[in-house]
Amino acid sequence: MKKSDLDEKVEYFAKDSTRVDRKNGIMYLYGRARVIYQDFELDADYIRFNSKDNTIFARGIKTDKGKYVGRPIFKMGREGSSIADSLTYNTKTGKGTVSGVFTEQEGGFFSGGKTKMQPDNEFNVSGTTYSTCNLPEPHYGIHITKGIATENQIITGPVYLEFERVPLPIAIPFGFFPKPNKKSSGIILPTPGEDATKGFSLTNGGYYLALNDYWDARLTGDIYTNGSYHLNLATNYIKRYKFGGNFNLAYASDRQGLEGTPEYDPQKNFHIGWTHSQNANAKPGTTFSASVNAGTGNYFSVSAANGTYDINQIASNTMSSSIAYGKVFGDGLFNLTTSLSHSQETRAKTISLTLPQVSLNMSTISPFDSKNRVGEQKWYQKITVGYSMQASNTVNTREDLLFDKDGLKRFRNGMQHSIPISLPFNVLKYLNFNSSVNYNERWYLQSVQNRYFKRPNSSDSVAIDTLNGFKRAGEYSLSLGMSTKLYGGKKFKNLGSIKAIRHVMTPNVSFSYKPDFSTNNYGYYKNKVYYTNDIRPGKSVPLDGDNLVRDYQGLPQKYSIFEGAQYGGPSAGKQASIGFSVDNNVELKVSDSKDTTGTGEKKIPIIQGLNFSSSYNFVAPTKKLAPINFGGRSQFTDKLGFNFSGVFSPYAVQNVPITSGSGPSQTTTYQYQEVDRYVWKDGKLPRLTSFNFSFDYSLNPDALKGRNKNMDALKNQTDQQQAGRTPEQIEQLQAISRDPNAFVDFNIPWNIAFSYSFNYNNSLGLASTRSISNTLNFNGDFNLTPKWKIQFNSGYDFKAKTVSYTSFAIYRDLHCWDLSANWIPFGSYQSYSIDIKVKASILQDLKLSKRKGYYTKY
């Protein structure tokens, strides 16, 4: 061929044969033929190249059975590969014609029809179907009768939707679809729907703002025919390798019930959400994070969790937030953290704010040790000293009182300093001792003064006066502890697969001392005094004579001037107590049946952490011995593990006479009470006052492992992965994180898991004071077919004799579509929802939803 005919050489290959017609300038390639020219690559079972008019023709071939194989596969430049029934391409002009094309473009697939390629990267299409289904014969698609596609836009003639190649009778006469290479602002079309309570609706309609490559915003709203409406502002921001987050502000005005009823009045609620995370390498030694979840208590229940019907948010009774900043300085010696936090109970309408909370911690140091020390430490070089400081400003109030005129006066603030000093040492090699001195000091700007008033035929009342002014409270304590380990074991020769048993016991003994800080010389406590009941300013004064408030034994009572303070005050009463505990671990060594050599062994834990603990206060006036606590756990297999705990009381219960009144009105009644007498003096064992037992069992532990693995993968998304997700995808990931059961894994054919909880309480050991509750919860899923999965979650409360929260979910994998149905058959949140939607996010608005809200009242 002449050089002038082509700008560059043509590379060609054919596995079967090559035939050249030199007279007409035509080359024929047969069997897995391949042609490469510049950035054009072509593979087909038959290729014909005409050097005179510079055209390439390619097609497949039919087998003896009439099957069409070896279709042309071509690629141009950076575009992905495409497959066609046949094509013609001019290497000189860049024009071409493709019949029966199948190609992927940015998550979508074009199939069928005829396409003409133009030299200016423009394509003319006719009879082409666009779909997110990756099959040559897609389950659904948007059929384009004719259109023009350029680099930045697609302009079409009549367009209609078809399912299984059956066209719908609805079409649009023409269409314009922009294809920007960057984010662009635009209108978000609403989704029509129906709600059983609120009526017909248009939801998630609004406007998208592409502010720049690092920040966007989305303003959407819902409107219902009964007068309800929702507004939502959501933004996402990210600076790669620095930080990222999102902000959400929502407002809801909802009506329920019939017009003219009290329920029809609009309920106005709002919610604020903000998450911010900083890359760990952005500013080493400095951290900043935010997790805000705040708003009115009824927002999630009334708005159905902003239309998501997330049962975890709807049923939640608490919301909390935290904004924190931290910095490490002084060569890592000091760590400063500051935070703003909030928590609220949505049903009780109470809220707690901490604005701010500051914490300064110093790493433990050895002041008498030397960095260049040679040899073993001397006893005084083992002394360690630490320091920590906490300061906070907190208010606890109701939602409606937070922003009233006296709101700021309800804040309580304080600062606490702690200095622990310790000295560890060993005795007789195996006994480990640790002695310590702890000093705590608290600073407050407020204290209290109580005034007590006698009320005839009623209990006394008290007035609490808040006194402004600086007050300090210091206290200290001493302690000495000892611990060691005891080992015991036995080997077996003729006990089947059991080879040995081992018991490890860890006893701990400690002694602590703390003086009585309620004595008058410290000034932290005052006597309770009766005052005259006079509301005039300055007229309420202590009563004359013996005005002290006394207990039933006639002893004067005291109160702390730091009652209700942020960090409390020094404790009352002298303490000189000894604490003791013992921890036990028992395990078996058995033959491993999975070991092919026959000599392998494995350990099975029988008892883990079986602990008994109590203490004895030598200076307590009564009941010197504290209750005996015990607890333990065991994990026999991957499927079964249980936990238990309880309390024993060492004191007897007696029917004690109680005398009230005086003179002719004096009466005596009898009441069972715990008295200061040990039960073993009566030949009895300590009394069980409480016991808790629970276990989890999974019939298919691989399902739990697989779900946890997917949850970990979702939580560990990198900044690059998060940057490419749409707000809807981020919202779905957050929903999955809140509800692990939302993850549907068709690769696990079935899973059934149980959890059981038993609680027993009986403070006096009588039938009248006994309380027992036990609940059974179970959940699971199974594949009805390889494409159908059913999930369930339920339980039973044996005390209430009723079925607990129950839900069912059905999922159907429709290849390129998803069908899901959720049903709560009974209870407070009785509802159902059915959704069918396209899997691909590019057509995420192509869906159909049917819901019945749990709040339906008519």
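Right above here is the structure, for reference.
Residues numbered from 1 in each chain as written. Predicted model: local features only at pLDDT ≥ 70, side-chain atom pairs only at ≥ 80, totals over all residues. Heavy atoms only, no water.

**Quick word on the overall build of the protein**
Right, so step 1: Helices and strands together make up the secondary structure of the protein, namely 5 helices and 54 strands.
Right, so step 2: Taking all 858 residues of the protein together, 33% fall into the buried category.
Right, so step 3: When contacts within the protein are restricted to residue pairs at least 6 apart in sequence, those whose partners lie at least 24 apart make up 49%.
Right, so step 4: For the protein, the computed accessible surface area is about 51000 Å², with 56% contributed by carbon and sulfur atoms. (Helix = DSSP H or I, 4+ residues; strand = E, 2+ residues; numbered from the N terminus. Buried < 20%, exposed > 50% of the residue type's maximum accessible area, 1.4 Å probe, protein only. Contact = heavy atoms within 4.5 Å. Areas by Shrake-Rupley, 256 points an atom, 1.4 Å probe, with all protein chains shown as cover.)

**Things to note about unusual backbone geometry**
Right, so step 1: Omega for the peptide link from Leu355 to Pro356 comes to -5°, which places this bond in the cis form.
Right, so step 2: Relative to the assigned elements, Pro356 resides in strand 31 (residues 350–365).
Right, so step 3: Backbone geometry at Asn204 places phi at a positive 55°, although glycine is not the residue there.
Right, so step 4: Tracing the chain through its elements places Asn204 in strand 23 (residues 199–212).
Right, so step 5: Owing to a relative accessible area of 36%, Asn204 belongs among the partly exposed residues under this scheme.

**Examining the packing of aromatic side chains**
Right, so step 1: Inspection of the entire model under this criterion finds 35 aromatic pairs.
Right, so step 2: Summarising the aromatic geometry, the rings of Tyr452 and Tyr559 are spaced 6.3 Å apart at their centres and angled 55° between planes, so their arrangement reads as tilted. Pair noted here: Tyr452 is in strand 34 (residues 431–453) and Tyr559 is in strand 39 (residues 558–560), with a separation of 107 residues, a long-range link.
Right, so step 3: For Tyr559, a relative accessible area of 3% gives the class buried.
Right, so step 4: Each ring, one from Phe778 and one from Phe792, has its centre 6.5 Å from the other, and the planes form 55°; the classification is tilted. Within this pair, whereas Phe778 is found in strand 48 (residues 770–785), its partner Phe792 is found in strand 49 (residues 788–797), the two being separated by 14 residues in sequence.
Right, so step 5: Judged by its relative accessible area of 24%, Phe778 falls in the partly exposed class.
Right, so step 6: An aromatic cluster is built from Tyr444, Tyr476, Phe517, Tyr522, Tyr524 and Phe562, whose rings are joined through pairwise contacts.
Right, so step 7: The positively charged end of Arg59 is found above the aromatic ring belonging to Tyr46, 4.2 Å away from the centroid.
Right, so step 8: The aromatic ring of Tyr530 is capped on one face by Lys454, whose charged end is 4.8 Å from the ring centroid. (Phe/Tyr/Trp six-rings, centres within 6.5 Å; stacked < 30°, edge-to-face > 60°. Lys NZ or Arg CZ within 6 Å of the ring centre and 35° of its normal.)

**A word on the nonpolar core**
Right, so step 1: Ranked by internal contacts, the top residues of the largest apolar core, which has 21 residues, are Leu29, Leu42, Ile47, Ile56, Phe74, Leu87 and Val98.
Right, so step 2: Elements with a contribution of two residues or more to this core: strand 3 (26–37), strand 4 (40–50), strand 5 (55–59) and strand 10 (86–90).
Right, so step 3: When neighbours within four sequence positions are excluded, Ile47 is seen to be in contact with Met27, Tyr28, Leu29, Ala33, Arg34, Val35, Leu42, Ile56, Phe57 and Ala58.
Right, so step 4: Counting 11 residues, the second largest nonpolar core, distinct from the first, contains Phe517, Tyr524, Val549 and Phe562. (Core = buried A, V, L, I, M, F, W, Y, C linked by side-chain atoms within 4.5 Å.)

**Structural notes on the pairing of strand 34**
Consecutive residues of a regular strand have side chains that alternate between opposite faces of the sheet.
Right, so step 1: Bridging between strand 33 (residues 412–427) and strand 34 involves 13 bridges; their strand directions are antiparallel. Counterpart to His417 in the pairing with strand 34 is Glu441.
Right, so step 2: Turn length for the strand 33-strand 34 hairpin, with the two strands adjacent in sequence and antiparallel, is 3 residues, and the turn residue Leu428 shows positive phi of about 55°.
Right, so step 3: Inspection of the sheet shows strand 34 paired to strand 35 (residues 461–483) by 21 bridges, in the antiparallel sense. (Pairing = 2+ DSSP bridges.)

**Here's the deal with the environment of Phe433**
Right, so step 1: Mapped onto the secondary structure, Phe433 falls in strand 34.
Right, so step 2: In this structure the C-alpha to C-alpha distance between Phe433 and Ser510, which are 77 residues apart in sequence, comes to 9.2 Å.
Right, so step 3: Beyond its immediate stretch of four places on either side in the chain, Phe433 contacts Leu423, Pro424, Phe425, Val427, Leu480, Gly481 and Met482.

**Brief notes about the state of the cysteines**
Right, so step 1: All told, the structure shown has 0 disulfides when counted by the stated rule.
Right, so step 2: We note that Cys133 lacks a disulfide partner, and the nearest cysteine sulfur, in Cys816, lies 3.6 Å from it. (Disulfide = S-S within 2.5 Å.)

**Structural notes on the side chain of Asn450**
Right, so step 1: Among the structural elements, Asn450 can be located in strand 34.
Right, so step 2: A polar atom in the side chain of Asn450 sits 3.3 Å from the side chain of Tyr452.
Right, so step 3: In this structure the side chain of Asn450 is engaged in a polar contact, spanning 3.4 Å, whose partner is the side chain of Glu563.
Right, so step 4: Residues contacting Asn450, with those up to four places away along its chain left out, are Val462, Ala463, Ile464, Tyr531, Tyr559 and Glu563. (Polar contact = N/O pair within 3.5 Å; in protein donor to acceptor, adjacent residues only side chain to side chain.)

**Re a positive patch on the surface**
Right, so step 1: A cluster of like positive charges, contributed by Lys239, Lys242, Lys283 and Lys327, occupies part of the molecular surface.
Right, so step 2: Inspection of the secondary structure puts Lys327 in strand 29 (residues 318–329).
Right, so step 3: A residue is classified by how much of its surface remains accessible, and Lys327, at 34% relative accessible area, is partly exposed. (Patch = residues over 30% accessible without salt bridge, like charges linked within 9 Å, V, L, I, M, F, W, Y side chains within 5 Å. Salt bridge = Lys/Arg side-chain N within 4 Å of Asp/Glu carboxyl O. Lys, Arg positive; Asp, Glu negative; His and termini not counted. Charge placed at Lys NZ, Arg CZ, Asp CG, Glu CD.)

**What to know about the pattern of salt bridges**
Right, so step 1: Under the criterion given, the structure shown has 18 salt bridges.
Right, so step 2: Between Asp465 and Arg451 there is a salt bridge whose closest N-O contact spans 2.8 Å. On the criterion of sequence distance, the pair formed by Asp465 in strand 35 and Arg451 in strand 34 is long-range, its members being 14 residues apart.
Right, so step 3: Residue class for Asp465 comes out partly exposed when judged on its relative accessible area of 24%.
Right, so step 4: Between Glu674 and Lys623 there is a salt bridge, with the nearest N and O atoms lying 3.3 Å from each other. Note that Glu674 is positioned in strand 45 (residues 667–678) and Lys623 in the loop between strand 41 (601–617) and strand 42 (628–635), a separation of 51 residues in sequence.

**Notes on the environment of Lys574**
Right, so step 1: Among the secondary structure elements, Lys574 is positioned in the loop between strand 39 and strand 40 (575–591).
Right, so step 2: Measuring from C-alpha to C-alpha, the distance between Lys574 and Thr519 comes to 9.8 Å, with 55 residues separating the pair along the chain.
Right, so step 3: Sequence-distant contacts of Lys574, that is, excluding residues within four places in its chain, are made with Tyr513, Lys514, Pro515, Asp516, Asn617 and Val619.

**Comments concerning a nonpolar patch on the surface**
Right, so step 1: Among the surface-exposed residues, Ile187, Leu189, Tyr207, Leu209, Leu211, Tyr214 and Trp215 lie close enough to one another that they form a single nonpolar patch of about 770 Å² accessible area.
Right, so step 2: With 3 residues, strand 23 is the single largest residue contributor to the nonpolar patch.
Right, so step 3: Turning to its location among the elements, Leu189 is positioned in the loop between strand 21 (186–188) and strand 22 (191–195).
Right, so step 4: Assessed through its relative accessible area of 64%, Leu189 is described here as exposed.

**Structural notes on the environment of Lys9**
Right, so step 1: Relative to the helices and strands, Lys9 resides in the segment before strand 1 (11–13).
Right, so step 2: The class of Lys9 is exposed, set by a relative accessible area of 65%.
Right, so step 3: Along the primary structure Lys9 and Gln38 are separated by 29 residues, whereas in three dimensions their C-alpha atoms are 8.2 Å apart.
Right, so step 4: Not counting the four nearest positions on each side in its chain, Lys9 is found in contact with Ile36 and Tyr37.

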